[in-house]
Amino acid sequence: MSPITISGLGTSLDTESIIEGLMKVERLPRARLEQRQGEVKARETALQGILNKLNEVGSALQALRSPTLWADVQKVTSSSTAVTAEMAGGAGPGGYQVEVTQLARAAQRTYEFTASEAASQLTVGGQTIELKAGATLADAVTAINSDHETGVSAVAVGGKLVLSSRTTGAESTVAAAGAGLAEEAAKARAGQDTLYTIDGVAGSSATNVIAEAIPGVTLTATALTSGPVTIGVTEPTPDTTSIAAKVKTFVSAYNAAVELIQAKVSEETVKEPKTQEEANKGVLFGDGALGSLLMGMRQTLSESGLGALGVSTGAPSAAVTATSASVRGLLTFDESKLTALLKENPAGAKEAISGPNGFVTDLEPLVGAATKPGGGISERISAATKEAAGLREQMTKLEERLTLREERLHAQFSAMEVALAKSKSESEWLAGQLAGLSSNKS
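Small disclaimer: the values here were computed from a predicted structure and weren't measured.

A look at helix α6 (residues 288-302)
Taking 1.5 Å per residue, 15 residues should reach 21 Å; α6 reaches 21 Å between its end C-alpha atoms and fits that length. The complete set of buried residues in α6 reads L290, L293, L294, G296, M297, T300 and L301. Burial along α6 is one-sided: seen end-on, the buried residues are contained in an arc of 165°. Facing away from the buried side of α6 by more than 90 degrees, the exposed set consists of S292, M295 and S302.

Some thoughts on the environment of A154
The residue A154 is located in strand β8 (residues 152-157) in this model. Separated by 10 residues in sequence, A154 and I144 place their C-alpha atoms 6.5 Å apart. Apart from the residues within four sequence positions on either side, A154 is in contact with V141, I144, N145, L161, V162 and L163.

Structural notes on the packing of α6 against helix α10 (residues 359-371)
Close contact between α6 and α10 brings their axes to 9 Å; oriented N to C, the two are set at 170°. If you check the angle between α6 and α10, you find them roughly antiparallel. Listed contacts from α10 to L293, G296, M297, T300 and L301 of α6 are F359, D362, L363, L366, V367 and A370. Grouping the amino acids of the contact of α6 with α10 by side-chain chemistry returns 8 nonpolar, 2 polar and 1 charged.

Overview of the sheet that holds strand β9 (residues 160-168)
Across the sheet, 4 strands lie side by side as β8-β9-β5-β11; this open sheet has antiparallel pairing. Sheet topology places β8 and β11 (181-183) at the edges, where each strand pairs with a single neighbour. For this sheet, the mean angle separating the axes of adjacent strands, direction not counted, is 35°. With 6 bridges connecting them, β8 and β9 associate as antiparallel partners. Bridging across to β9, V152 finds its partner in S165. Those strands touched by helix α3 (residues 137-145) are β5 (106-113), β8 and β9, and its axis lies near 165° from that of β8.

Points about the pairing of β9
Within a regular beta strand, the side chains point alternately toward one face of the sheet and then the other, so they alternate between its two faces. Of the pairings in the sheet, the one linking β5 to β9 comprises 6 bridges and is antiparallel in character. Residue pairing across strands places Q108 opposite S164, the latter belonging to β9.

Brief notes about the nonpolar core
As a rule of thumb, nonpolar side chains are buried together in soluble globular proteins. Formed by 46 residues in total, the largest nonpolar core has its most connected members in L54, F250, M297, I353, F359 and I377. Residue assignment for this core shows that the elements contributing at least two residues are α2 (28-65), α4 (240-266), α6, α8 (335-344), α9 (346-354), α10 and α11 (376-441). Looking at which element gives the most residues to this core, the answer is α4, with 11 residues. Once residues within four sequence positions are removed from consideration, M297 is found in contact with L54, Y254, V258, L363, L366 and V367. In terms of nonpolar packing, the next biggest core, distinct from the first, is built from 18 residues, A107, V124, A135 and V141 among them.

Describing the packing of aromatic side chains
Enumeration according to the criterion identifies 2 aromatic pairs in this entry. Taken together, a centroid distance of 5.8 Å and an interplanar angle of 40° make the contact between F250 and Y254 tilted. Taken together, the residues F250 and Y254, both in helix α4 and 4 residues apart, mark about one turn of the helix. By relative accessible area, which is 2% here, Y254 ends up buried. Plain terms: the ring middles of F250 and F359 are 5.1 Å apart, the flat faces sit at 40° to each other, and that makes the pair tilted. Residue F250 is found in helix α4, and its partner F359 is found in helix α10; the two are separated by 109 residues along the sequence. With relative accessibility at 1%, the residue F359 sits in the buried group.

Considering the environment of S226
Structurally, the position occupied by S226 is in the loop between β15 (217-221) and β16 (229-233). In this structure, the C-alpha to C-alpha distance between S226 and E99, residues 127 residues apart in sequence, is 7.9 Å.

A word on the side chain of E184
If you trace the backbone, E184 turns up in the loop between β11 and β12 (194-198). In this structure E184 touches T110, E112 and K160, once residues within four positions along its chain are discounted.

Digging into the sheet that holds strand β3 (residues 83-87)
On the basis of which strands lie adjacent, the open sheet formed by 3 strands has the order β3-β15-β14 and antiparallel pairing. Across the chains shown, the open sheet's two edge strands, defined by having one partner strand only, are β3 and β14 (209-214). The sheet shows a mean angle of 30° between the axes of neighbouring strands, direction not considered. Pairing of β3 with β15, which is carried by 5 bridges, proceeds in the antiparallel orientation. Following the sheet pairing, M87 is matched in β15 by V217.

Quick notes on unusual backbone geometry
With phi around 50°, D199 is a residue other than glycine that occupies positive phi space. Its location among the elements puts D199 in the loop between β12 and β13 (201-205). In this structure, E272 takes a positive phi of about 50° despite not being glycine. Considering the arrangement of structural elements, one finds E272 in the loop between α4 and α5 (276-279). Its relative accessible area of 69% is what places E272 among the exposed residues.

So, how was this worked out
Residues numbered from 1 in each chain as written. Predicted model: local features only at pLDDT ≥ 70, side-chain atom pairs only at ≥ 80, totals over all residues. Heavy atoms only, no water. Helix = DSSP H or I, 4+ residues; strand = E, 2+ residues; numbered from the N terminus. Expected span 1.5 Å × (residues − 1). Buried < 20%, exposed > 50% of the residue type's maximum accessible area, 1.4 Å probe, protein only. Arc of directions from axis to C-beta. Contact = heavy atoms within 4.5 Å. Axes fitted to C-alpha atoms, helices over the stretch in contact; angles between N-to-C directions. Parallel < 35°, antiparallel > 145°, perpendicular 65-115°, else oblique. Nonpolar A, V, L, I, M, F, W, Y, C, P; charged D, E, K, R; others polar. Pairing = 2+ DSSP bridges. Core = buried A, V, L, I, M, F, W, Y, C linked by side-chain atoms within 4.5 Å. Phe/Tyr/Trp six-rings, centres within 6.5 Å; stacked < 30°, edge-to-face > 60°.

So far we have only geometry, and geometry alone does not tell us how the molecule works.
Written as structure tokens, this is what we have:
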């Protein structure tokens, strides 16, 4: 007769793997929340990028409307680098003939310097310069330059002390005395003025800057002239260069905003994304509000007569493609056209840009509505921020529940293992008893 046997219940379960598998399933809702939060943050980031670009458009429009941009200005030119010129105020338009026959210079004296074994003094420009015993030429130069009240500057040249007045002009002087000084009279140079003529009228200046010879213009002589230098002063007109630069800035800002919006609304979503990066794609795909904004901006500009300003979306042609500026609504800028209009009819150019019917006046409300605080895109960003915060709060609460769930599973499996171990022990005892009974019957 075969012995009666009872299979023991084992306790060699991999409970950690079991719990890990169970928790992986339990964490699926949190993973979905995390992915959703990533998508919301991606949308927030995309909207913020668009808002930044539109704010740049708004700033460019505001700059074009600035009264200072359209204020009349004058420019001054010089036909030679020997005489430079800059505006110091309003000046009579026209040309001025300038000749420079002498440049201003400082007075200069050269001295032999003998060091003294005892402390000594120098008198320079009426100021007393104290020298220590054994002071060298370098010490004397340092001491003189440390006292600006002397009105001179000192340098050591070939073992000599050379003093120059700090100001130029015929009135500039250098005076120095002391037991250790001996002047080399042959090297003395008197100060002198700049001598010039403007339209044949002679004049002089203590410096090489000629400030009042042409009212409203400051001249600077840098060299003697070999003939008349023409200084030209323009009529008061708006600064065409600055205006063109501001229009160019607007065109660049507008195109950057349009390209970014187009890229975001045309980026398609990924079906069944496997990564957060894939999940973040297409967060603004087909966005109706942004699409309407693009259409509104394009329509506004198409009705603003920008062609006269040299701004357009490009001429259609047989070679036009989906990426062409005329199709995408991007602007091109012909600066020469605007410059010509500004010269011929500055008032008309101003009217077309920032007048009551100008494109700035028409476009600003549209951009402003999209970018104003508390409205448009800003409101959508705030909503995304709030939604992300709500998702984060949900994940925190869910994580707390998952932590408790995992703790309960560990406790349950621990209790099960204890019960299994006890059951195994009892089954082994019972098997032993039965085995004994079987043996006795044999």
